[in-house]
Amino acid sequence: MVLVGEVEPAVVDPHDELADADIISSGGEDFGASAAARWPELARLTRTIRSRRARIIATTVLAGLVAATAWLVAGSRPAARSALGGQPAAITNSTAGLGSGAFARGTADGQQWQLAVQDIADPGYRCLPGVSINGNDADPLFADPHPLWHSPVGNPAFVTVGPELPGAGFAFVQVPADADWLWLDPVSGFQLGVAPVTVTACGQQFRLVGFAYPLAATLRMHLSFRDRPEGSYTVPAALSAPRASVTDPQVDGVWQDLNATDGPVATGTIASGNAFGVRWSIRVTFGKAGDCFSLSTSPPRGNGLWQADCGPISTPEGPSTIVVLPLGSPNPGVVGVGYAISVGAGTDHLTAELSDGSNVSARPLVVDGRKYAAFFTPGALRMFWLNWVDATGRPIAGTTGLPAYGYIQFWPSGVPAMKTEAWSTGWSS
């Protein structure tokens, strides 16, 4: 038996105290400062998932996981991230020859990279700007009238992309309008100086600096202004060179921001139901912390169980992110397993084959212009195969490469056949 809960998508005014807050559409509205106070569950999710990005994961499924699944370049295959220190042979940075929305580009170990601002909402929904690297692994971007409140150089964010470039990190800094130059102290032959670029996206203007850097370097950034003293900031290694750990087993593709609660957020229930007399629900919280999912139960008596994890934010044309949430203690899976999927353009619904041979399906729900779907398999039942299906009923692609926990990214369409399988070094379910 599998339980797939479906709720009708809804959009409510986040400023309406009487509105049902089950699905919140934030768009570009500036209500992030009050969101945590109004919705305690959201505050709990953000704090618990990221108390500087810590994950809450069942103790028995933690040991030894250093799986990574984000791609830098379309066509690369993710695998476990290698140990820190494999610096690329060369890193270049440039603001020349930029395309629409781009504000930085270059090469790392001979591979091209580009940082750009793009619409990360699904087609047909209100534009939602986000910074992406090579069209994937996005970080939502919000208008920030006071970026210097975050650090003396502005509002920075950092990301690693995995084993394809194990020694390279990527960063962008949102800076004030009067900033005119950002540079880094030379480290081991690496030095950088670059002017901010103004990018217009979704009807908003952003002043941004982007660059690639060697992960082994300690970043000491300086920002000069036209009519005031320069600012300086030494980036903690936990931000510029995040390492997988017991509490944070997967880091590649997830942006490291100074404050993951900054900016508007959106939250919504994407599946709910009952199993063995226990009420369960799967929710998504979308914001600077990433695509964060929680699976919780509400039994008739006593306290419920709760499990949460965050994954990279995919773009509509990028891969789907699949987050697996085993629930139960001390043995994961005693209660069941949640599967939460970001669903890109072109997918009408998903079907799944379970370990007992049965088949179920789920249609995506919309939360803040982005589509998500979820399944819950109670007890020892597991998902064996997951298919993406278009509006004509034609399967687009499918995968059996689902891990027992954590997240993977999977290309369901628009890529060569070799990429229609998910790749992961996590334990297979």
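Let me sum up the structure you'll find in this document.

Definitions and limits used
- Residues numbered from 1 in each chain as written.
- Predicted model: local features only at pLDDT ≥ 70, side-chain atom pairs only at ≥ 80, totals over all residues.
- Heavy atoms only, no water.
- Helix = DSSP H or I, 4+ residues; strand = E, 2+ residues; numbered from the N terminus.
- Polar contact = N/O pair within 3.5 Å; in protein donor to acceptor, adjacent residues only side chain to side chain.
- Pairing = 2+ DSSP bridges.
- Axes fitted to C-alpha atoms, helices over the stretch in contact; angles between N-to-C directions.
- Disulfide = S-S within 2.5 Å.
- Buried < 20%, exposed > 50% of the residue type's maximum accessible area, 1.4 Å probe, protein only.

## Let's talk about the side chain of Gln 250
Moving on, step 1. Structurally, the position occupied by Gln 250 is in the loop between α3 (237–240) and β14 (256–257).
Moving on, step 2. Looking at Gln 250, its side chain comes within polar contact range of the main-chain oxygen of Tyr 407, at 2.8 Å.

## Points about the sheet that holds strand β1 (residues 91–94)
Moving on, step 1. Here we have five strands laid out as an open sheet, ordered β1-β2-β3-β4-β5, and antiparallel in their pairing. The two strands at the open ends of the sheet, each matched to only one other strand, are β1 and β5 (136–140). Each adjacent strand pair in this sheet contributes to an overall mean axis angle of 20°, direction not counted.
Moving on, step 2. Strand direction decides the pairing type here: strand β4 (residues 129–133) and β5, joined by three bridges, are antiparallel. Considered in β5, the bridge of Val 131 is made with Asp 139.

## Comments concerning the state of the cysteines
Moving on, step 1. Taken as a whole and judged by the stated rule, the model has two disulfides.
Moving on, step 2. Here Cys 127 pairs with Cys 202 through a disulfide, and the sulfurs are 1.9 Å apart. Torsion about the S-S bond of the Cys 127 and Cys 202 cystine: about -55°, corresponding to left-handed handedness. Of this pair, Cys 127 sits in the loop between β3 (111–119) and β4 while Cys 202 sits in the loop between β10 (197–201) and β11 (204–214), placing them 75 residues apart in sequence.
Moving on, step 3. Judged by its relative accessible area of 31%, Cys 127 is partly exposed.
Moving on, step 4. On the basis of relative accessible area, Cys 202 is assigned to the partly exposed category, the value being 26%.
Moving on, step 5. Ordering the disulfide-forming cysteines of the chain by sequence position, one finds them joined as 1-2, 3-4.

## A word on the sheet that holds β11
Note: strands within a sheet are paired through backbone hydrogen bonds, in either parallel or antiparallel orientation.
Moving on, step 1. Spatial ordering of the open sheet is given by β10-β11-β7-β6-β14, a layout of five strands whose pairing is antiparallel. At either end of the open sheet lies a strand with only one pairing partner, and these are β10 and β14.
Moving on, step 2. Bridge count for strand β6 (residues 155–160) against strand β7 (residues 168–174) is six bridges, and the pairing is antiparallel. Bridging across to β7, Asn 155 finds its partner in Gln 174.

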